[in-house]
Structures are given as structure tokens and as C-alpha cells.
Amino acid sequence: MAKIFSKIILAIFLLASGSLAARFVTRSVEKAEVGAKSRHNGLTPEAAADRIVFLPGFQNALPSNHFGGYITVDANRGRRLFYYFVESERDPVNDPVVLWLNGGPGCSSFDGFVYEHGPFTYSLIHKPGSRGVEVELRSNPFAWNKVANMIFLDSPAGVGLSYSESTSDYLVTDTRTAADADRFLREWFRRFPQYRDNDFYVSGESYAGIYVPNLVRQVLVGNEEGEEPRVNIVGYLVGNGCTDERYDGNAHPPYAAGKSLLPWRGFKELEAECGGGEYWNKTSGSTCDKLWNKLAANLGALNVYDTLEYCFHDGVDDASVILPATDRANRGAALRARLSGQTAAAAAAAASLENGLGMGSRARGGSGGSGGGVSRRRAISTADLTQQLQEAGLLGVWPLAGGVVRPGPVLNWANVSAKLGGRLGGTPPCTDSRLCDPAQPRRPSLSHTPICTDSRAADLWLNDPRVREAIHAAPTDDIGYWTLCSDKISYMRDHGSMIPIHINNTKGHGLRALIYSGDHDMAVPHTGSEAWTGDLGFPVKAPWQPWFVADDQVAGYVVEYGHGLTYATVKGAGHMVPETNPREALAMFQRFIDGENLASY
């Protein structure tokens, strides 16, 4: 009791000084107070204090236990990582624990939570008599926590809701990112000891193709060195992941030619000029380089994350261009309706509302124009785009189309925005007075959101003070606004190819690995992932064949190798597979964590 009293006195003093540390002293007081209450239900005091009891925008009781909060990975520097944990709706006691990481580097894992495979779907809706729009949450029938206990982690510090009190910590490397995530995991399992014996997987996409294998290796090394608690890691998943600069760099031209985005004759000429297909290390100003730049200019206006989908251009209206919902979006709406028991008429009305607000698919959406269509601007001309990228030194640079992650500084979309001075896209019009002044014009800017991507629902929800309080996140006054990709960090890649690490994780340590690709992603094309997995020399256990979803539809193709490695494609999917193809993604995920062959159905 004396210790609690002293902490209360210290918290009052620190709150008066306005220190961030005050909030964590106050949280420690809350944890001490709930300690006795939590012991009867098996939760540690820290876990009980992180329990989420309601979420703004969701009208029903949470379908499973949710937790959110911070874990300190460096107390001396005040470096804290935010997590959101969702217990499985199937069998939380026995289902595996899965960590999810989005990429960037520097993009928040709430991207996966809000738009991909989190427990909810998010919609922007107009409420009668209200100002602007509000965010509505509904249960997601394809959430991965249907079958697994899911941790969504904002990593490294400076990304999403994670932060450090030492700004020098925002100079980040692969090495420290992995070390901090490993420290997070071991502290997390101390907070939730009931899950220590469950199977554990690491998963992620995009630049998490670097995060995931590095973290897996770090966990294995820590286990071997006797770090406690031991993490019961059994496998990992990587979707459309950066891996190796040669394989990744050689993947773009054959992908584009194979999808008829480049002329075949021009592609064959390029192949001959580039040493038989070695595009990744072309010399600047060479014939190979000039020819590729000429051909690649025609790709600049495409949605790099899904070449089947329209490119979202927010904030600019053009009544002369009206784009209807895609067939894929209509199929998705019908499927969601069937699973939720809606009538066909209700599904059509919901789809119409989604399309009118630009929320049916965020890659396809619009600026929220009136009527049944979605208004958007005409895409920037390829010539202008190429010139702008060239002037900014961004041609062939990650994360733009054709870009490759190399050792050294690595950009994300927030960094690209700064280099381009906001010339590549538009800022959404102000729709919520909580975030901006609707009466004031806003300068067009790419902001902190990847090109062709609509993050309005996440922007509004995660910057709502009620949400911050409900999920136990620091308020905007302390750590600033949540953005999809962070401009706080400067990221340095200090590890080379991930291929030796994959070999060590699988063949060397017996872990299972699923490498999967949406086959219409141009950011990290399937042509590269298929090539490097096939070139490892692992024996083929089950040859290339289709895999199916429940109604006998081909979901993609899969090849199973020895040493626990599986490579799979998801037909028609983009860079964020669970977003574009949620049913196939859940089926693939469940079969993998359940130890089943994807083609066994």
C-alpha cells in the first residue's frame, strides 16, 4: 500500500510537470490496483490493465478478449512499442499466437488491423445531423483471429503509436528493429504467460520480408543463448516480401511483360540489352538503363500495389471521370452479405453506400463525391511523372514501381512525399473538424499514405481521442497524429540478402515457412519470390498445382518444398493479399498454421 501511495504522489507531481512519464507512472498505479482483481481470471496485473472493454464505432460486445498498450523495450531511453492483441475466436487456449508486422519501412501494423485481416471492417458513414463523417466498425468474417491469437505491433519506435522519448532513436536499422521486437516478444510473454507454450509464428508483408526473417533469427539466437522466457517459435509467413536485391530487381520487367503492361517486343529487346535479364544492377546511363526507363514510364500511373485495381486519387474532383465499382468489389460485397445473413437488397444498398463514399475498396475509392459514382481526377501524365521522379532522384527507388531495397538508407512514402514536395497526389478534403478546419483550404500533398491508397477511415479512427483512450494509446498531444507511414524515422538497411537467413531458419532450425504472393502486385512481384524460393535447391515434396477455396474455385497455385518451405500464389490478389482477397487469405493462413497442405482441400 505504501508503494502505491508513493506512486500516486509521484504521478501527481509528474502530471503537473506535463511529462510523458507521468502517464506510465499513472498506468503502473492502475495495474497495481487491478492486480488483486485480475488474479482470479488468470491475467497478470499488466495484462488486466491493458484489457479493452469497448471500441468507439463498434456497437456490439467484442467477440473475444482484446488488449492494447505499451511494452518498454529500453527503459533508459523511454522507447516503447505499442501492441494490439486479439484473442482467437476459435480456441484461444490452444490456438497459436501470431505476430503481424506491416512493412514500409516505417508503416504501421494498424494497416493490417484496419484494412486487411483485423477483427473489424471499417466504413465512413454520414450520420443525420452530424458534422462530417464517422467511422463504423463491423465484424470481419475473414479476420485471422477467427483461428489464431493475433498481435499487431507498431515497430520500430516512431512508427504508428510507438514512440521514444529520445529522438535519436528514430535513426533506425534492421539490427535494432529486430532486437527491439525480440525484447518486446519476451516481455509480452511475461505479461501473458498463459501463451508461452502455444505455437508461435511471425508474419508480415512488403518490407516485413526483411523484418520477419531477421526477427525469427533473433528469436532463435535468444532462445539458444538462454534468454527468458523462451519463445516457442515454430514458423513464419511472408507476403509479397522484399528479400534479395538481385531477385527483387530482376522481377519487375518479366512481371510487367507477362501482364501485357509492356510490349513483348520491347521486353525482349530490354532483356537482350540487360545481359539476358540482369536488370537489378544496370549502370546509370547505359542502353539497358535508358531502355528500361523508357518502358517503365508507361507503368507510372498504375496502382503499383494491385495492377488490376484503380488508383485512388483523393482530394481532387473531376466530374468528367466516373468510375463504377469493380466486379471484384461487388463479389466481395455479396460474399460478406451471404456470410452475415443480409438480403440481396441490403447488400446492394450497402455496396452502393460504400461505393458512393469511396470505401468499397480503399485502392479503388474516391473523394466522396455525390451520386452513385465515385469522382476522381485524371492521373498525372506519365511524362510529367517520369520527369518529377528523375528530378527528385527517385527513378527505380523503393517504394516506387521498379524500386529495389538495397543496403543503406531506405525510403517510405512519407520520405518520398518530402522529396517530391507533394507533387504526386492529393490530401483528402477536410471531413472531420476533429482533425482539421473544414473552412480552410488544404494544400495538395501525398502526405504519409502510399500512392493509390485511401487511409481516411484509419486516420479518423486512430486520431480520435476516444479511441486512443479505449485502446490505451498515448494521446496526440504527447506523440502526435497517427499516420499510415511515419516521417519521424530515418531507416538504414544494414543486412544484405535474406536468402541465407531463410535457409538457416528453415533447413538449419526446422521452422516451417510460407512465402506467398498476390500475383498482381507490381511492388514486389511474384516473379521474384517464385524464382528465389525455387533456386534454393530444396527438394520438391509436392509439385506446382492449384489450390482451392471451399466452393471449388482456384485460389492460386502452390509448390511444397522440403525443409518446411511452401511457396504459394493468390490469384488476382495485390500487394496486401488479405485486403484484396480476404477469403483466400484466411483459408491459406488457417491451413498453414493448422499444418495442412494448401492443396489438400
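Note that this is a predicted model, so its numbers are computed, not measured.

(A) Quick peek at the pattern of salt bridges. Overall, the coordinates contain 20 salt bridges when judged by the stated rule. Asp180 serves as the salt-bridge partner of Arg79, at 2.7 Å between the closest nitrogen and oxygen. Note that Arg79 is positioned in strand E3 (residues 79–86) and Asp180 in helix H5 (residues 174–191), a separation of 101 residues in sequence. Accessibility classification places Arg79 together with Asp180 in one group, the buried group. Three or more residues joined by partner-sharing salt bridges are found here, namely Asp74, Arg77, Arg79, Asp169, Arg176 and Asp180.

(B) Spatial organisation of the confidence of the model for the protein chain. Per-residue confidence for the protein chain gives a mean pLDDT of 81; residues scoring 70 or more make up 75%. Residue range residues 1–40 is modelled with pLDDT below 50. Its contacts to residues more than four positions away, or to other chains, number 43 contacts. Within the model, the stretch residues 315–338 combines pLDDT values under 50 with 47 contacts to residues more than four positions away or in other chains.

(C) Main features of the environment of Gly510. Among the secondary structure elements, Gly510 is positioned in the loop between helix H18 (499–508) and strand E16 (512–518). The exposed category is assigned to Gly510, whose relative accessible area is 59%. Considered as a pair, Gly510 and Gly564 are 54 residues apart in the sequence and their alpha carbons are 7.0 Å apart.

(D) How the structure looks around H18. When H18 is considered as a whole, its buried residues turn out to be Ile499, Ile501, His502, Asn505 and Thr506. Burial along H18 is one-sided: seen end-on, the buried residues are contained in an arc of 160 degrees. Exposed side of H18, more than 90 degrees from the buried face: Pro500, Lys507 and Gly508 are the residues found there. Among the structural elements, helix H6 (208–224), strand E11 (233–239), helix H7 (245–249), E16 and helix H19 (526–534) are those in contact with the buried residues of H18. Looking at the residues trailing H18, positive phi occurs at Gly510, about 75 degrees.

(E) Structural view of helix H9 (residues 264–273). Those residues of H9 that fall on the buried side of the exposure criterion are Gly266, Phe267 and Leu270. Looking straight down H9, one finds that the buried residues subtend no more than 100 degrees of arc, so they occupy a single side. In H9, the exposed residues that point more than 90 degrees away from the buried face are Trp264, Arg265 and Ala272. Tucked inside the fold, the buried residues of H9 contact helix H8 (252–258) and helix H10 (287–296).

(F) Structural view of the packing of H9 against H10. Interaxial distance between H9 and H10 falls to 9 Å at its minimum, and their mutual angle equals 155 degrees. The pairing of H9 with H10 is recorded here as roughly antiparallel in orientation. The interaxial crossing formed by H9 with H10 has left-handed handedness. Taking contact as the criterion, the partners of Gly266, Glu269, Leu270 and Glu273 in H9 are, on H10, Thr287, Cys288, Leu291, Trp292 and Leu295. Partitioned by chemical class, the residues of the contact of H9 with H10 number five nonpolar, two polar and two charged.

(G) Main features of the state of the cysteines. Applying the stated criterion to the full structure yields two disulfides. For Cys107, the disulfide goes to Cys485, at an S-S distance of 2.0 Å. On the sign convention where negative means left-handed, the S-S torsion of about 95 degrees between Cys107 and Cys485 marks this disulfide as right-handed. Pair noted here: Cys107 is in the loop between strand E4 (97–101) and helix H4 (110–116) and Cys485 is in the loop between helix H17 (476–479) and strand E15 (490–493), with a separation of 378 residues, a long-range link. Of the residues examined, Cys107 reaches a relative accessible area of 9% and is grouped as buried. Given a relative accessible area of 0%, Cys485 falls into the buried group. Here Cys274 connects covalently by a disulfide to Cys288, the sulfurs 1.9 Å from one another. Across the S-S bond of Cys274 and Cys288 the torsion is about 105 degrees, and the bridge reads as right-handed. Of this pair, Cys274 sits in the loop between H9 and H10 while Cys288 sits in helix H10; the two residues are 14 residues apart in sequence, bridging distant segments of the chain.

(H) Molecular detail of the environment of Glu205. Looking at the secondary structure, you find Glu205 in strand E10 (residues 200–205). What makes Glu205 buried here is its relative accessible area of 2%. C-alpha separation for the pair Glu205 and Val577, spaced 372 residues apart in sequence, amounts to 8.9 Å. Sequence-distant contacts of Glu205, defined by excluding residues within four places in its chain, comprise Trp100, Leu101, Asn102, Gly103, Glu116, Gly239, His575, Met576, Val577 and Pro578. Of the polar contacts made by the side chain of Glu205, one reaches the side chain of Asn102; its length is 3.0 Å.

(I) Quick look at the pairing of strand E2 (residues 66–74). Of all nine residues that make up E2, eight are buried, and the element is covered over most of its length. Judged from the two bridges that link them, strand E1 (residues 51–52) and E2 form a sheet pairing that is antiparallel. Residue pairing for E2: Ile52 is matched across the bridge by His66. Sheet topology note: the E2/E3 ladder contains eight bridges and is antiparallel. Note that in E3 the partner of Thr72 across the bridge is Arg80. Counted along the chain from E2 to the antiparallel partner E3, the turn is four residues long, and its residue Gly78 has a positive phi close to 70 degrees.

(J) Geometry of the side chain of Glu584. Among the secondary structure elements, Glu584 is positioned in helix H21 (residues 582–593). Nearest to the buried, unbridged Glu584 among oppositely charged side chains is Arg583, at 4.4 Å. Those residues within four positions of Glu584 in sequence are excluded, and the remaining contacts are Trp547, Val549, Ala555 and Val570.

(K) Fine view of the sheet that holds strand E14 (residues 408–410). Within the open sheet, the three strands sit side by side as E9-E15-E14. Their pairing is mixed. Both edges of this open sheet fall to strand E9 (171–173) and E14, since each of them pairs with a single strand only. Here the average twist between neighbouring strands, direction ignored, is 35 degrees. Where E14 and E15 come together, three bridges link them in antiparallel fashion. Bridging from a neighbouring strand, Val410 pairs with Tyr491 of E15.

About the cut-offs
- Once a new chain begins, its residue numbering starts again from 1 and follows that chain's sequence as written.
- Note on the predicted model: pLDDT of at least 70 is required for a residue's local features to be given, and 80 or more for side-chain atom pairs to be given and counted; whole-chain, interface and lining totals, by contrast, use all residues.
- In computing side-chain values, all of the structure's heavy atoms are included and hydrogens and water are not.
- Each salt bridge in this description consists of a side-chain nitrogen of Lys or Arg and a carboxyl oxygen of Asp or Glu lying within 4 Å of one another.
- For the purposes of this entry, the term helix denotes a DSSP run of H or I that reaches at least four residues, the term strand denotes a run of E that reaches at least two, and both are numbered from the N terminus.
- When a residue's accessible area, from a 1.4 Å probe over protein chains only, is under 20% of the maximum for its type it is buried; when over 50% it is exposed; and in between it is partly exposed.
- pLDDT gives the predictor's per-residue confidence on a scale running from 0 to 100.
- Here, two residues are considered to be in contact whenever any of their heavy atoms come within 4.5 Å of each other.
- By definition, the arc is the one covered by directions from the helix axis to the C-beta atoms.
- As a rule, the C-alpha atoms of each element are fitted with a line to give its axis, helices using only the stretch in contact, and angles between N-to-C directions run from 0 to 180 degrees.
- An angle below 35 degrees is read as roughly parallel, one above 145 as roughly antiparallel, one from 65 to 115 as roughly perpendicular, and any other as oblique.
- The hand of a helix crossing depends on one turn: near helix anticlockwise from the far one by less than a right angle means left-handed, and clockwise means right-handed.
- Residue classes follow a fixed rule: Ala, Val, Leu, Ile, Met, Phe, Trp, Tyr, Cys and Pro count as nonpolar, while Asp, Glu, Lys and Arg count as charged, and any other residue, Gly among them, counts as polar.
- By disulfide we mean two sulfur atoms from cysteines, separated by a distance within 2.5 Å.
- In protein, a polar contact requires one atom able to donate a hydrogen and another able to accept it; more generally it is a pair of N or O atoms within 3.5 Å, and residues adjacent in sequence count only if both atoms are side-chain atoms.
- Two strands pair if DSSP finds at least two bridges between them.
- When charges are counted, neither His nor the chain ends are considered; positive counts come from Lys and Arg and negative counts from Asp and Glu.

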